[in-house]
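Chain residues, written in single-letter form:
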Amino acid sequence: MPPALRRGMALVSAVALRSGFPHDIASQANAFTALATRPVGEWGPAPFAECAERAVILVDPGFGSPTADCLELASGGGEASVVEDIFHERLRTALAASGTEAPRLYREVRETIVRHPCMTKTEVLAFAYDVPELATDIPTFFRRLPASALHGRTLRLCGHCGAPLFPDRDRVSHPLGRCAVRECRMTFPDASVGSEHEVASPDDWRIADPSIMTYWVGPGLPEIWLYDALLASGADAELYPMCDAADVGIGGTAVGVDVKSYSSAAVIGHRFANGIGGLRAFRRRIVAIPDFWIRIDRDYLATAASVSGLREGIEFMSVSAVAREFAA
Ligand SMILES: [Zn+2]
């Protein structure tokens, strides 16, 4: 068990026992991580249920990775310490050597992974070959497809996001399996099969690393949706401008949009209260929240705005409202 998880469980046990919980809710790692895939206010002791961060979900159930909310809380809110993820750093280091080509390469790598998180081994090599500047890095963003992703010998890829549909224990409710990407499941509750493949060996297939799935692919779905919707309307939109100063830029540096998929409005508010990062490069600075979070918490935008203090002119809007306002 990772030491950080053991420490976290000990702290939760202590808080639970002190607030009069009849049993230790954090003594078993599997049971505890299952709880942590739900908002802390639903399962935690009273101090969790009453705090401003009660909507926080700590673990991404699809990949077992800490969520963006969890990393933000753990970092204590300092802008520099917010880990988008280690791959980001690795990619930035590789790009630093590419000079003026860096923004195009960054966009190409991130967009390809978000649109195709699961590929054959041969496709990953072709992808690396297409981006020779990062050829040695690209294969490290993927790992072998787990056998648990297969339905017998069949691999089903999600019709919405291209990730595998994993077999679900509840075959009656989910006969086709379930998409492992949280943002995809929350947007499209019904599974849809995009393609099916007979797999001789799981080693023939690759899936993006779990942290890339959690921090790029999941939040990437509303980013790509917004970008595609703006382009289709004829707007002058750009994905990941200036090596990710924002997720979507509109009209050069006129508007920068960061799409952020946090379960807790309070946590995202704190994050932007501590600094607005790359959005500073744009005249209008928008944080766009996927609509499903706002359907769960009607006060999401107001809470995020109030906690952030609307630092440096940032605005909080739903992804669909951004698409409507900036459609050409
Ligand atoms: Zn999906």
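Just above sits the structure.
Computed from a prediction, not measured in an experiment: that's the story for all the values here. The written sequence of each chain sets the order in which its residues are numbered from 1. The model is predicted, so local features are restricted to residues of pLDDT at least 70 and side-chain atom pairs to those at 80 or more, both for listing and for counting; the totals for chains, interfaces and linings are taken over all residues. To get the side-chain values, take all heavy atoms of the structure and skip hydrogens and water.

Caption draft 1: Local environment of the side chain of glutamate 183. Each helix is a run of DSSP H or I of at least 4 residues and each strand a run of E of at least 2, with the numbering of both proceeding from the N terminus. Secondary-structure assignment places glutamate 183 in helix H9 (residues 182–187). Buried, partly exposed and exposed residues are distinguished by accessible area as a fraction of the type maximum, computed with a 1.4 Å probe on protein chains only: under 20%, between the cut-offs, and over 50%, respectively. Taking the relative accessible area as the measure of exposure, glutamate 183 reaches 4% and is therefore buried. Among the polar contacts made by the side chain of glutamate 183, one reaches the side chain of serine 261 at a distance of 2.7 Å. Those residues in contact with glutamate 183 that sit more than four places away from it in its chain are Gly218, Pro219, Leu221, Ser261 and Phe292. Polar contact is the term for a pair of N or O atoms within 3.5 Å; when the atoms are in protein, one must be able to donate a hydrogen and the other to accept it, and sequence-neighboring residues count only if both atoms are side-chain atoms. We call two residues contacting when some pair of their heavy atoms lies within 4.5 Å.

Caption draft 2: Region of interest: the pattern of salt bridges. Salt bridge, as applied in this entry: a Lys or Arg side-chain nitrogen positioned within 4 Å of an Asp or Glu carboxyl oxygen. Using the criterion set out here, one finds 19 salt bridges in the structure. Of the charged contacts in the structure, one is a salt bridge between arginine 115 and aspartate 228, with a shortest N-O distance of 2.9 Å. One end of the pair, arginine 115, is in helix H7 (residues 102–115); the other, aspartate 228, is in helix H10 (residues 210–232), with 113 residues separating them in the sequence. According to the relative accessible area criterion, arginine 115 is partly exposed, its value standing at 31%. Judged by its relative accessible area of 31%, aspartate 228 falls in the partly exposed class. The closest approach of N and O atoms between aspartate 209 and arginine 143, which form a salt bridge, is 3.3 Å. With aspartate 209 in the loop between strand S7 (205–208) and H10 and arginine 143 in strand S2 (residues 142–144), the pair connects residues that are 66 residues apart, well separated along the chain. Looking at aspartate 209, the relative accessible area reads 10%, which means it is buried.

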